[in-house]
Structures are given as C-alpha cells and as structure tokens.
Amino acid sequence: EADIYQTPRYLVIGTGKKITLECSQTMGHDKMYWYQQDPGMELHLIHYSYGVNSTEKGDLSSESTVSRIRTEHFPLTLESARPSHTSQYLCASSLVTGGYTFGSGTRLTVV
Amino acid sequence: AQTVTQSQPEMSVQEAETVTLSCTYDTSENNYYLFWYKQPPSRQMILVIRQEAYKQQNATENRFSVNFQKAAKSFSLKISDSQLGDTAMYFCAFIPYNTDKLIFGTGTRLQVFP
C-alpha cells in the first residue's frame, strides 16, 4: 500500500547528540516537506524539496538540515541536539498541488 | 502576508449532533485550494475535505461538508452525526495556485462526547 513512513516514532536523546529522522514514501511524489509541530499543535514548515537534489528552507528557521538523494527518501538531521529541538516533526509529500500525505510523525525529546 | 485563522481553539459536541468549525483566511490570490485536515491523538494527519476556489459548489465528503464563502474568505467545516472517532485536532489550510506550500491555521481541538 502506498504510504509515507517516518522512523523512529518516538526518540529521547541527550544534548549534543547527532540524530537523523527518517522519512520515506512509496508514492513516487516529487514534492516532500518537513513540518515542526509545537506543543500548542501549530505547524511550521522548516524544509521542503521539489525533487532530487532540490532542498529549500521553510518559513521557520531551523538548525536542522535535509537531503534528497533519492525521490523516495527525505531525511532530516540535527548535528547537535538541544532541548529547544524538542518537538514533533511531521513529514509530508505531494504529487500535485493540493494533496499532501502526512507521515505519523516523530516525537523528539532532547534531555 | 497570507494567513489562516481558526478562532475556536477548542470545541465539544455530543455524539450524533452537528458541529461547525470556523476558518477564515487572508490572501490576495484569486486561485487557490482550501483544505481541512484531521489529526487524531497520536495518529497520522489525514485529509478530510478539499475545495478549489474557482468552484462555487461546496465540497461534501459523507458526513463532512464545507461552507465556502469566497468573498468573505471564509471556509467552515460542518460535521454531521458526530462520532466518537471524530475527536481530533482539525486544521484549516490553503495553497495558492502559484506555490506548493500549505499554510495552516492554528487548529481547533474537537471533543465528541457520548
């Protein structure tokens, strides 16, 4: 079944550690996105990609980085995690304007 | 700036009743898509309903329907015959035709009581 997968689902990690949040989709979508969702549930776009080797920063400044080497894979990396990075991270993809499919999210806690 | 406003942070409704969630937006664009997304507790965000701005007819998906008022820039969601499984955060969002970035509202938390 075509879908979008995020791993891990939950992650608790110490300050200063490097982490990579995985996002993969099996739908062949060109466009992929990362959103940060704060405790108040508001969603902020932090990165997006319109295809392989294309990445752009979103509306909310983030210390994370992304890469898009394959169409189906859009990982997000934090080189040195801090407590301020504690949040939920949602990955999404779309084929045509208007149809976002979201992953289940990664809930990150940095202690 | 293009914004989406959901003025109801929380709402509640009794099972089988009808509830309407409000959404207004601000844009200078004439062509865009509007959406309602549902995010159940600890579960995946899913698309509930979609409306294209050039279509005057209001979109309907089973128990979910919208009241789209383009001139007023209003896009409310009506849930009929509410079910316990409708308990979730509901986000209103839109995309102008010239961009692929969803602009979200702050969400409305809906609780359905038995």
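Here, every reference points to the structure presented above.
What counts and what doesn't
- Residues numbered from 1 in each chain as written.
- Chains lettered and ligands numbered in written order.
- Predicted model: local features only at pLDDT ≥ 70, side-chain atom pairs only at ≥ 80, totals over all residues.
- Heavy atoms only, no water.
- Helix = DSSP H or I, 4+ residues; strand = E, 2+ residues; numbered from the N terminus.
- Rg over C-alpha atoms; globule rule 2.2 N^0.38 Å.
- Contact = heavy atoms within 4.5 Å.
- Areas by Shrake-Rupley, 256 points an atom, 1.4 Å probe, with all protein chains shown as cover.
- Lys, Arg positive; Asp, Glu negative; His and termini not counted.
- Charge placed at Lys NZ, Arg CZ, Asp CG, Glu CD.
- Buried < 20%, exposed > 50% of the residue type's maximum accessible area, 1.4 Å probe, protein only.
- Pairing = 2+ DSSP bridges.
- Buried area = accessible area lost by both parts, 1.4 Å probe.
- Salt bridge = Lys/Arg side-chain N within 4 Å of Asp/Glu carboxyl O.
- Polar contact = N/O pair within 3.5 Å; in protein donor to acceptor, adjacent residues only side chain to side chain.
- Nonpolar A, V, L, I, M, F, W, Y, C, P; charged D, E, K, R; others polar.
- Core = buried A, V, L, I, M, F, W, Y, C linked by side-chain atoms within 4.5 Å.
- 1 Å grid on protein atoms, 1.4 Å probe; cavity = no way out; pocket = protein on both sides within 12 Å on 5 of 7 lines; lining within 4 Å.
- Points joined across faces, edges and corners; volume = space filled by probe spheres on them.

**Student:** Just to check I follow, could you spell out the overall build of chain A for this structure?
**Tutor:** Scanning chain A from N- to C-terminus turns up 0 helices and 11 strands. Helices (α) and strands (β) of chain A occur, in sequence order from the N terminus, as β-β-β-β-β-β-β-β-β-β-β. Its C-alpha atoms give chain A a radius of gyration of 13 Å, near enough to 13 Å, the size a compact globule of 111 residues would have. With respect to the principal axes defined by its C-alpha atoms, chain A has extents near 40 × 25 × 25 Å. Long-range contacts, defined here as pairs at least 24 residues apart, represent 53% of the contacts in chain A between residues at least 6 apart. When the accessible area of chain A is evaluated, it comes to approximately 5100 Å², of which 52% is carbon and sulfur surface. Side-chain charges in chain A split into 9 positive and 11 negative, and the spacing between the mean points of these groups amounts to 6 Å.

**Student:** For this particular structure, what's the right way to read the pairing of strand β11 (residues 106-110) of chain A?
**Tutor:** Side-chain positions along a regular strand alternate between the two faces of the sheet. Residues and elements named next belong to chain A. Of the two faces of β11, the one lined by Thr106, Leu108 and Val110 is fully buried and the one lined by Arg107 and Thr109 carries no buried residue. In this structure, strand β2 (residues 10-13) lies alongside β11, joined through 4 bridges in parallel fashion. The residue bridging Leu11 from the neighbouring strand is Leu108, located in β11. Sheet analysis places strand β9 (residues 87-94) next to β11, joined by 3 bridges and oriented antiparallel. Along β11, the bridge assignment pairs Tyr89 with Thr106.

**Student:** Would you mind showing me how to read the interface of chain A and chain B here?
**Tutor:** Quite often, the size of an interface is put as the accessible area lost when its parts meet. Between chain A and chain B, the contact holds 24 residues from the first and 19 residues from the second. Here chain A and chain B share an interface that buries about 1800 Å² over both sides, 52% of which is from carbon and sulfur atoms. Counting across the interface, chain A meets chain B through 1 salt bridge. At the boundary of chain A and chain B, one finds 6 residue pairs in polar contact (both at pLDDT 80 or more). Those elements giving two or more residues to the side of chain A that touches chain B turn out to be β4 (31-37), β5 (43-51), β9 and β10 (100-102) of chain A. A class-by-class count of the residues in the side of chain A that touches chain B yields 12 nonpolar, 7 polar and 5 charged.

**Student:** What is the right way to read the environment of Thr27 of chain B from this model?
**Tutor:** Residue and element names in this part refer to chain B. Following the sequence through the fold, Thr27 ends up in the loop between β4 (24-26) and β5 (32-39). Residue classification places Thr27 among the buried residues on the basis of a relative accessible area of 5%. For the pair formed by Thr27 and Lys55, sequence separation is 28 residues and the distance between their alpha carbons is 17 Å. Residues in contact with Thr27, not counting those within four places in the same chain, are Gln2, Tyr32, Lys73 and Phe94. In terms of polar contacts, Thr27 uses its side chain to reach the side chain of Gln2, at 2.8 Å.

**Student:** Can you help me understand the nonpolar core in this one?
**Tutor:** Note on soluble globular proteins: their nonpolar side chains tend to be buried together. Tyr25, Trp36, Phe75, Leu77 and Tyr90 of chain B are the most contacted members of the largest nonpolar core, which has 26 residues in total. Secondary-structure elements contributing two or more residues to this core are β3 (19-21), β5, β6 (46-52), β8 (64-69), β9 (74-79), β10 (88-96) and β12 (108-113) of chain B. Among the elements that make up this core, the one with the highest residue count is β10 of chain B (4 residues). When sequence neighbours within four positions are dropped, the list of residues in contact with Tyr25 of chain B reads Thr3, Val4, Tyr32, Leu34, Phe68, Gln69, Lys70, Lys73, Ser74, Phe75 and Phe94 of chain B. Counting residues in each nonpolar core, the second largest holds 20 residues, with Leu45 of chain A together with Ala93, Leu102 and Phe104 of chain B among its members.

**Student:** I keep staring at the layout of surface pockets and nothing clicks. Help me out?
**Tutor:** One way to see where empty space is left: roll a probe the size of a water molecule over the atoms. Computed from the structure, the largest pocket encloses a volume of approximately 320 Å³. Forming the walls of the largest pocket are 26 residues, and the residues nearest its centre are Met41, Gln88 and Arg107 of chain A together with Pro41 and Ser42 of chain B. In terms of residue class, the lining of the largest pocket is made up of 10 nonpolar, 11 polar and 5 charged. Volume-wise, the second largest pocket comes out at about 280 Å³. Surrounding the second largest pocket, 15 residues form its lining, Leu43 and Asp59 of chain A together with Leu102, Ile103 and Phe104 of chain B being those nearest its centre.

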